[in-house]
Amino acid sequence: MTIPRILIIAGSDSGGGAGIQADIKTVTMLGGHAMTAITAITAQNTLGVDAVHPVPTDMVIAQIDSVVRDIGVDAVKIGMIGSAETAHAVADRLATFGVPIVFDPVMVATSGSVLADADTIAAFERLMALASVVTPNTPELGALAGMTVETELDQAAAAECVITRTGCPAVLAKGGHLVLDGEISGVDREGRHCRHKNSERVFDFLYWLDADGWHEMSWNDARIETNHTHGTGCTFASALAVGLAEGRPLEDGISRARQFVRAALISAPGLGGGHGPMGHALGVSPFDALEG
């Protein structure tokens, strides 16, 4: 393999900040080759989603079959899935792949627009069972577990619920919505440290189950104060897929994906009147080096 081949199964964002557009930018920037199976077309900008048009399931599967038959695939990233029918059909296809799968269970856009109905969310379980890792934010994790997630203990319980119920080996709970400050405030029943709320730091937690029992690992960095956060989840999941396609351990892939997201947040171009896109190009043009 000379270049990681990443199959992206997700919706299109006409504003270019999230979805397929963010995925392609991320995979390309990180040295991979991005292939796509578009599940839905959205009319959206930084202010919200104006319209959604699901792509017929047979066309989604045709896209997958076409690129895999000719080019091959080293990892899969799943984002917005479009419908319950498509979720089940995609699960049928992916069951035979044998490559790392990163599932970002997209339910609501950054603007608050709903991107998955109840039937589609219920069908996520089949995709979670196939995934190498699921990467929900706090509201998504709560929806997947059927509980409210407001504290670190809630988050751990929800992740364990998802892993136990679906068989997914790992959950990376993204912490942008869960506010913790890093100061230890106590321990839970398993002896894990708990942190205060009201923080200026962002914590991401990885939970997994193996033969030795339950485990968790966390990362934290100073929160980047910006309104231009559209596409952070898509970007993170695609960056992680590239790392796994390269054969990196999950923890290393997560660390590198987090670094890229932070760099793209810092480089956001400040477009639009709402939640603007990130700066996936990191403010660099290839002509900068040529002209330097």
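Our subject is the structure listed above.
What comes next concerns the included structure. (Residues numbered from 1 in each chain as written. Predicted model: local features only at pLDDT ≥ 70, side-chain atom pairs only at ≥ 80, totals over all residues. Heavy atoms only, no water.)

## A closer look at the pairing of strand β3 (residues 48-54)
Then comes step 1: Bridge count for strand β2 (residues 33-45) against β3 is six bridges, and the pairing is antiparallel. Within β3, the residue paired with Ile41 across the bridge is His53. (Pairing = 2+ DSSP bridges. Helix = DSSP H or I, 4+ residues; strand = E, 2+ residues; numbered from the N terminus.)

## A closer look at the environment of Gly19
Then comes step 1: By the secondary structure assignment, Gly19 is in helix α1 (residues 19-29).
Then comes step 2: Judged by relative accessible area, which is 11%, Gly19 ranks as buried.
Then comes step 3: Sequence-wise, Gly19 and Cys234 are 215 residues apart; in three dimensions their C-alpha atoms are separated by 6.1 Å.
Then comes step 4: With near-sequence residues (within four places) excluded, Gly19 lies in contact with Gly11, Asp13 and Cys234. (Buried < 20%, exposed > 50% of the residue type's maximum accessible area, 1.4 Å probe, protein only. Contact = heavy atoms within 4.5 Å.)

## Section: unusual backbone geometry
Most peptide bonds adopt trans geometry, and most residues besides glycine take a negative phi value.
Then comes step 1: A positive phi is found at Leu282, a non-glycine position, where the angle reads about 60°.
Then comes step 2: Tracing the sequence through the fold places Leu282 in the loop between α8 (250-266) and α9 (286-291).
Then comes step 3: Judged by relative accessible area, Leu282 falls into the partly exposed class, the value being 29%.

## Topic: the pattern of salt bridges
Any two side chains of opposite charge can pair if their charged atoms end up close together.
Then comes step 1: Across all of its chains, the model carries ten salt bridges by this definition.
Then comes step 2: Between Lys77 and Asp23 there is a salt bridge; the shortest N-O distance is 3.0 Å. Placement of the pair is Lys77 in strand β4 (residues 75-78) and Asp23 in helix α1, with a sequence separation of 54 residues. Comparing Lys77 with Asp23 shows no difference in burial state: the two are buried.
Then comes step 3: We note a salt bridge from Arg258 to Asp221, for which the minimum N-O separation is 2.6 Å. Of this pair, Arg258 sits in helix α8 while Asp221 is found in strand β11 (residues 213-222), placing the two residues 37 residues apart along the sequence.
Then comes step 4: Overall, the relative accessible area of 8% leaves Arg258 in the buried class. (Salt bridge = Lys/Arg side-chain N within 4 Å of Asp/Glu carboxyl O.)

## Remarks on the side chain of His280
Then comes step 1: Structurally, His280 can be placed in the loop between α8 and α9.
Then comes step 2: Judged by relative accessible area, which is 4%, His280 ranks as buried.
Then comes step 3: A distance of 2.7 Å separates the side chain of His280 from the side chain of Thr235, its partner in a polar contact.
Then comes step 4: If we ignore the near neighbours within four places in the chain, the residues touching His280 are Gly17, Ala22, Lys25, Thr26, Met29, Thr235, Phe260 and Ala264. (Polar contact = N/O pair within 3.5 Å; in protein donor to acceptor, adjacent residues only side chain to side chain.)

Everything listed here is a matter of coordinates, which is why it stays silent on function.
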